[in-house]
Amino acid sequence: MHFDQRLQRALREAGLDADAIADASDRVAELVARDADRLGEFFGGDGPCYSDMEMAHSADAVQEHATADVDLFTHGSDLRGYLSLDGWGVPVEGGRILREDDGGPVVVELSLGDTVNDRVRFAREREEL
């Protein structure tokens, strides 16, 4: 079960039985795994990637990253991993797809850990940010 005890209690009070709560928990895990796969595909493409990350050495609102790769894993509702950008990297502590079209994700957001400690949006086209 991936729901904490408070959330499980709230779901029971809302009328869900133990089987329905377990089914919902399994569905959350499926959706997180699906997002991890789609985020991996987004960063797996060739060419530059753009972000709205604040950089100490840049005053630009949008950063260009010549290379970007992500290695993600999931455990229940947790999505974690590591993002590599231009020869440096940072832990990933969550992520989601913000906008997509028929070709897949257009704008994604990752919650980045130590050294960045912020949610950062990424796009393959500068104009999307």
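Residues numbered from 1 in each chain as written. Predicted model: local features only at pLDDT ≥ 70, side-chain atom pairs only at ≥ 80, totals over all residues. Heavy atoms only, no water.

Novice: What is the right way to look at the confidence of the model for the protein in this model?
Specialist: Detailed reading of the predicted coordinates is not advisable wherever pLDDT is low. When pLDDT is averaged along the protein, the result is 91, and 98% of the positions lie at 70 or above. Highest mean pLDDT in the protein belongs to strand E7 (residues 118-123) (96); lowest belongs to strand E2 (residues 63-65) (91). (pLDDT = per-residue confidence, 0-100. Helix = DSSP H or I, 4+ residues; strand = E, 2+ residues; numbered from the N terminus.)

Novice: Help me understand the nonpolar core, please; the structure alone is not making it clear to me.
Specialist: Membership of the largest hydrophobic core comes to 23 residues, with the highest contact counts inside it found for Phe-43, Met-53, Leu-83, Val-92, Leu-110, Leu-112 and Phe-122. If you list the elements that add at least two residues to this core, you get helix H2 (18-43), strand E3 (68-75), strand E4 (78-85), strand E5 (88-101), strand E6 (104-112) and E7. Residue contributions to this core peak at five residues, all from H2. (Core = buried A, V, L, I, M, F, W, Y, C linked by side-chain atoms within 4.5 Å. Buried < 20%, exposed > 50% of the residue type's maximum accessible area, 1.4 Å probe, protein only.)

Novice: When you look at H2 in this model, what are you seeing that I'm missing?
Specialist: Helical periodicity: at 3.6 residues per turn, an α-helix aligns residues three or four positions apart in one direction. If you check H2, its first and last C-alpha atoms are 38 Å apart, about what 26 residues at 1.5 Å a residue would give, namely 38 Å. For H2, every residue scored as buried is listed here: Ile-21, Ser-25, Ala-29, Val-32, Ala-36, Arg-38, Leu-39, Phe-42 and Phe-43. Sitting at the amino-terminal end of H2 is Asp-17, which places a side-chain oxygen 3.2 Å from the backbone nitrogen of Asp-19. (Expected span 1.5 Å × (residues − 1). Polar contact = N/O pair within 3.5 Å; in protein donor to acceptor, adjacent residues only side chain to side chain.)

Novice: Explain a negative patch on the surface to me, please; I cannot follow it from the model alone.
Specialist: Residues Asp-17, Asp-19, Asp-23 and Asp-26 make up a contiguous surface patch of negative charge. Residue placement: Asp-19 occurs in helix H2. (Patch = residues over 30% accessible without salt bridge, like charges linked within 9 Å, V, L, I, M, F, W, Y side chains within 5 Å. Areas by Shrake-Rupley, 256 points an atom, 1.4 Å probe, with all protein chains shown as cover. Salt bridge = Lys/Arg side-chain N within 4 Å of Asp/Glu carboxyl O. Lys, Arg positive; Asp, Glu negative; His and termini not counted. Charge placed at Lys NZ, Arg CZ, Asp CG, Glu CD.)

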